[in-house]
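Take a look at the letters that make up each chain.
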Amino acid sequence: MSKLGQVVESVETYNQFVLDQVKRARSDEKFGRDLLGRWNDIKAKIPTTRAPTGLPLPRLALPEIDEPGEIARFLLGEGLPGEFPFLNGAYREMYLEPVREVESFEKNGETKKSKTDKKIPQAEEPTRLFSGLMLAEDTNERFHYLTRHQRTHRLSTAFDGPTLYGIDSDADGVFGKIGEGGVAIDMVEDMVRLYDGFDLGSANFSASMTISGPSPIIMAMYIAAAKRRFGASVVPKLRGTIQADIFKEVQAQNETIFPIEPSLRFLTDMVEFTTREMPRWYPISISGYHIGEAGSTPVQQAAYTLSNGFAYAEMFAGRGIPVDQFGPRLSFFLDCGLDVEYIALARVSRRIWAIGMREVFGAGAKAQLYKLHTQTSGRSLIAAEFKNNLTRTAAELMLAYMNATNSCHSNSADEPFTTPSEEWIRLAAHGQAILLEESGIFKHTMNMLSGSPGMKAVERAVEAAILDEFREIERLGGVLAAVEDRYQRSQIQNASHRYEQQINDGVRPIIGLNRYRDGSDDMPEVKLARTPRKKQQLQVDRLVKFKKKNAEKSKRALDKLSAVVESGKNCFPELLEAVEVCSLGQITGRLQEVVGRFRPMV
């Protein structure tokens, strides 16, 4: 039985354990009394905060139960926020504003400030802003625009097509794609320009890079750029993540540039280095978002993401990296659409991950945490009457925060047409601010919307369906064998076809598209974001100059890199040297000469 099969067994065993403890709490008087005492102690220690209107609210909402069996079911089956199995949240408190206990609300409507009133630092915002357009300095300008009102700077970076495939901007046939749909990054100097003006070593800065195929090269460029600006001492302080998820590329997104085994080897080299040298960095973001965007069902998205995560954990452990070193450095990325499964999808995923990591991999508490970034669904954005996308995204944000996501990105309403404009990206960010800061839904009380009978019903159904997917992957021989058999890819394609068929048949209502149309098929006038030819030429000219300046050094660096790869040693330290004098395309090309190119499976 593979590790994934053991995960299925461990979840089922744990579920039976919870049921047994519920029965024990009802039959063993002392055990039940101890549980009730613990429950009352937990409730007694919950602080009371106040809404701006003066309404007193508990800092943590708990179900109104006093029966030992139900207490056991909640504490063991769900867990308090920040406690195993983490169904209700990875951390004890998330999104909450400082405790509002400094005001005494009097009957006459006046408020009096306490003498002990003191300013309490606010927690980091969960909002993560995503951008990438034209050249590095253009994206940098957008980053500064987006972070003007943020206490903490959490930036996600989108790369253009050539960069995603490890191709240089001066390669044949790519000129028109330079800076389109993302930022063009060819060399370390581009990376310096990309994050200019941001303190990369600050505790308040976090960078996320959405790239997988050439991710070790891009990661090396980021480290090299940080060292150029802040010195070598900045490396352990760097904070953020790089996507680097090879499995989802093969299953859903297609941006794979090396064969699967070398791709996984380069990834593991990077993970081994960053785990040792960069304790605040997440070297992989195990991504279901692109699986969802490719057309999967929500359950398929969660099941493939989790199973990929367990496969990576097995692979890193096989390299000899201790689970309690790499486990806390794993992160996850899910889509959030409007299907009913999203009411509980992330909650269930968090529980399955915690049980599997503890029981199968022997992970400690920090390595059990399913740390999640959520992005609202791009696939749900519709060109027809596109302003409705504001409402769709708002509903998806609500679902994401109900699931206690650790960070979140909200899509812009104009994305069916173009890279988002400043107006629509500002509105998308404001959607999160309205939900988290203006409304009182999440900022006063943890667990505010969790645990309804409907949510519990969805949780049970989703967990059972995910375990069924695990069993099928296990039957096929595990994640890698299933990938080679194109299982995940074929299931995603089938689900995508069914989704589109449901829209065409009217079974799946899409407001403004197949229901409640205003009768007009005219597309709105939307200004498209395009990269001017002069900027594209500027990127090529810079790259040609860089290559000419480093011609001799780059050849020596590439030769050394090839020798290390052929020797089987960890090649990431050599990548750090190579990116100083070699372009992305030069490194990719040389590595492909050594290990080959990815060939899609038929």
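Before any of the text, the structure's been laid out above.
Colleague: Please explain the overall build of the chain as it appears in this structure.
Modeller: Helix and strand counts for the chain stand at 22 helices and 13 strands. At 25 Å, the chain has a C-alpha radius of gyration in line with the 25 Å of a compact globule built from 602 residues. Every one of the 602 residues in the chain was classed for burial, and the buried ones make up 55%. Here the contacts in the chain between residues at least 6 apart in sequence split such that 78% fall between residues at least 24 apart. Split by element, the accessible area of the chain, about 25,900 Å² in all, is 51% carbon and sulfur. Averaging the positions of the 77 positive and the 79 negative side-chain charges in the chain gives two centres separated by 4 Å.

Colleague: What is the right way to look at helix α22 (residues 584–595) in this model?
Modeller: The α-helix advances 3.6 residues per turn, and as a result positions three or four apart in sequence lie on the same side. For α22, which comprises 12 residues, the first-to-last C-alpha distance of 16 Å matches the rise-based estimate of 16 Å (1.5 Å per residue) to within 8%. Buried residues of α22: Leu-584, Ile-587, Thr-588, Arg-590, Leu-591 and Gln-592, and no others. Downstream of α22 by a residue or two, Gly-596 has a phi angle that is positive, lying close to 100°.

Colleague: So what exactly am I meant to see when it comes to the sheet that holds strand β12 (residues 372–376) here?
Modeller: Two pairing modes exist for strands in a sheet, parallel and antiparallel, and in both the strands are linked by backbone hydrogen bonds. Here we have 4 strands laid out as an open sheet, ordered β10-β11-β12-β13, and parallel in their pairing. In the strand order of this sheet, the two ends are held by β10 (284–287) and β13 (407–409), each with one partner. Strand-to-strand twist across the sheet, computed as the mean angle between neighbouring axes with direction ignored, equals 25°. As judged from the 3 bridges shared by β12 and β13, these two strands associate in the parallel manner. In the sheet register, His-373 faces β13, and the bridge partner there is Ser-407. Lying over the sheet, helix α14 (residues 389–402) contacts β11 (330–336), β12 and β13, oriented at roughly 165° with respect to β12.

Colleague: Would you explain the layout of surface pockets in this entry?
Modeller: Over the atoms a probe the size of a water molecule is rolled, and this reveals where empty space is left. Taken as a whole, the second largest pocket holds about 730 Å³ of empty space. Lining the second largest pocket we find 26 residues, and of these Arg-73, Glu-78, Lys-456, Glu-459 and Arg-460 sit closest to its centre. Broken down by secondary-structure element, the contributors of at least two residues to the lining of the second largest pocket are α1 (3–27), α3 (68–77), α13 (345–359) and α16 (453–475). Sorting elements by how many residues they give to the lining of the second largest pocket places α16 first, with 5 residues.

Colleague: Help me out: how do you make sense of the pattern of salt bridges in this one?
Modeller: A side chain of one charge can pair with a side chain of the opposite charge if their charged atoms are brought near each other. Counted by the stated rule, this structure contains 36 salt bridges. Where Arg-24 meets Asp-28, a salt bridge forms, and the shortest distance between an N and an O atom there is 3.6 Å. With a relative accessible area of 28%, Asp-28 lands in the partly exposed category. Connected through shared salt-bridge partners, Arg-26, Glu-67, Glu-70 and Arg-73 make up one network.

Colleague: So what exactly am I meant to see when it comes to the packing of aromatic side chains here?
Modeller: Note on aromatic pairs: each is described by the distance of the centres and the angle between the planes. Using the criterion set out here, one finds 27 aromatic pairs in the structure. Each ring, one from Tyr-222 and one from Trp-281, has its centre 5.4 Å from the other, and the planes form 35°; the classification is tilted. Pair noted here: Tyr-222 is in helix α7 (residues 215–230) and Trp-281 is in strand β9 (residues 281–282), with a separation of 59 residues, a long-range link. Overall, Tyr-222 belongs to the buried group, its relative accessible area being 0%. Judged by its relative accessible area of 0%, Trp-281 is buried. A centroid spacing of 6.4 Å and a plane angle of 85° characterise the contact between Phe-310 and Phe-470, whose relative ring orientation is edge-to-face. Here Phe-470 lies in helix α16 and Phe-310 lies in helix α11 (residues 298–319), a separation of 160 residues in the sequence. Here Phe-310 and Phe-470 have matching classes, each one buried. Taken together through their ring pairs, the aromatic side chains of Phe-143, Tyr-195, Phe-198, Phe-205, Tyr-222 and Trp-281 make up a single cluster. Against the face of Tyr-282 rests Arg-329, its NZ or CZ located 4.4 Å from the ring centre. Just above the ring of Phe-84 sits the side chain of Arg-358; from NZ or CZ to the centre is 3.7 Å.

Colleague: Looking at this structure, how should I read empty space enclosed by the protein?
Modeller: Taken as a whole and judged by the stated rule, the model has 4 cavities of 30 Å³ or more. Put simply, the largest cavity is a space of about 130 Å³. For the largest cavity, the lining is made up of 14 residues, of which Tyr-401, Met-402, Phe-442, Asn-447 and Met-448 are closest to its centre. Residues that form the lining of the largest cavity fall into these classes: 10 nonpolar, 4 polar and no charged.

Colleague: So what exactly am I meant to see when it comes to the sheet that holds β9 here?
Modeller: If you walk across this open sheet you meet the 5 strands as β5-β6-β7-β8-β9, and the pairing is parallel. Each edge of the open sheet is held by one strand with a lone partner, namely β5 (129–131) and β9. Direction of pairing for strand β7 (residues 205–210) relative to strand β8 (residues 240–242): parallel, over a ladder of 3 bridges. Residue pairing in the sheet places Met-209 in a bridge with Ile-242 of β8. Packing against the sheet, α7 makes contact with β7, β8 and β9, and its axis sits at approximately 150° to β7.

Colleague: Help me out: how do you make sense of the nonpolar core in this one?
Modeller: Across soluble globular proteins, nonpolar side chains show a tendency to be buried alongside one another. Tyr-222 and Phe-470 are the most contacted members of the largest nonpolar core, which totals 151 residues. Filtering out sequence-adjacent residues up to four positions away, Phe-470 remains in contact with Leu-4, Val-7, Val-8, Ala-303, Leu-306, Ser-307, Phe-310 and Ile-352.

Colleague: So what exactly am I meant to see when it comes to the side chain of Thr-268 here?
Modeller: Tracing the backbone shows Thr-268 in helix α9 (residues 260–277). Judged by its relative accessible area of 3%, Thr-268 is buried. Of the polar contacts made by the side chain of Thr-268, one reaches the backbone oxygen of Leu-264; its length is 2.8 Å. In contact with Thr-268, other than residues within four places in its own chain, are Met-315, Phe-316 and Arg-319.

Conventions and cut-offs
- Residues numbered from 1 in each chain as written.
- Predicted model: local features only at pLDDT ≥ 70, side-chain atom pairs only at ≥ 80, totals over all residues.
- Heavy atoms only, no water.
- Helix = DSSP H or I, 4+ residues; strand = E, 2+ residues; numbered from the N terminus.
- Rg over C-alpha atoms; globule rule 2.2 N^0.38 Å.
- Buried < 20%, exposed > 50% of the residue type's maximum accessible area, 1.4 Å probe, protein only.
- Contact = heavy atoms within 4.5 Å.
- Areas by Shrake-Rupley, 256 points an atom, 1.4 Å probe, with all protein chains shown as cover.
- Lys, Arg positive; Asp, Glu negative; His and termini not counted.
- Charge placed at Lys NZ, Arg CZ, Asp CG, Glu CD.
- Expected span 1.5 Å × (residues − 1).
- Pairing = 2+ DSSP bridges.
- Axes fitted to C-alpha atoms, helices over the stretch in contact; angles between N-to-C directions.
- 1 Å grid on protein atoms, 1.4 Å probe; cavity = no way out; pocket = protein on both sides within 12 Å on 5 of 7 lines; lining within 4 Å.
- Points joined across faces, edges and corners; volume = space filled by probe spheres on them.
- Salt bridge = Lys/Arg side-chain N within 4 Å of Asp/Glu carboxyl O.
- Phe/Tyr/Trp six-rings, centres within 6.5 Å; stacked < 30°, edge-to-face > 60°.
- Lys NZ or Arg CZ within 6 Å of the ring centre and 35° of its normal.
- Nonpolar A, V, L, I, M, F, W, Y, C, P; charged D, E, K, R; others polar.
- Core = buried A, V, L, I, M, F, W, Y, C linked by side-chain atoms within 4.5 Å.
- Polar contact = N/O pair within 3.5 Å; in protein donor to acceptor, adjacent residues only side chain to side chain.

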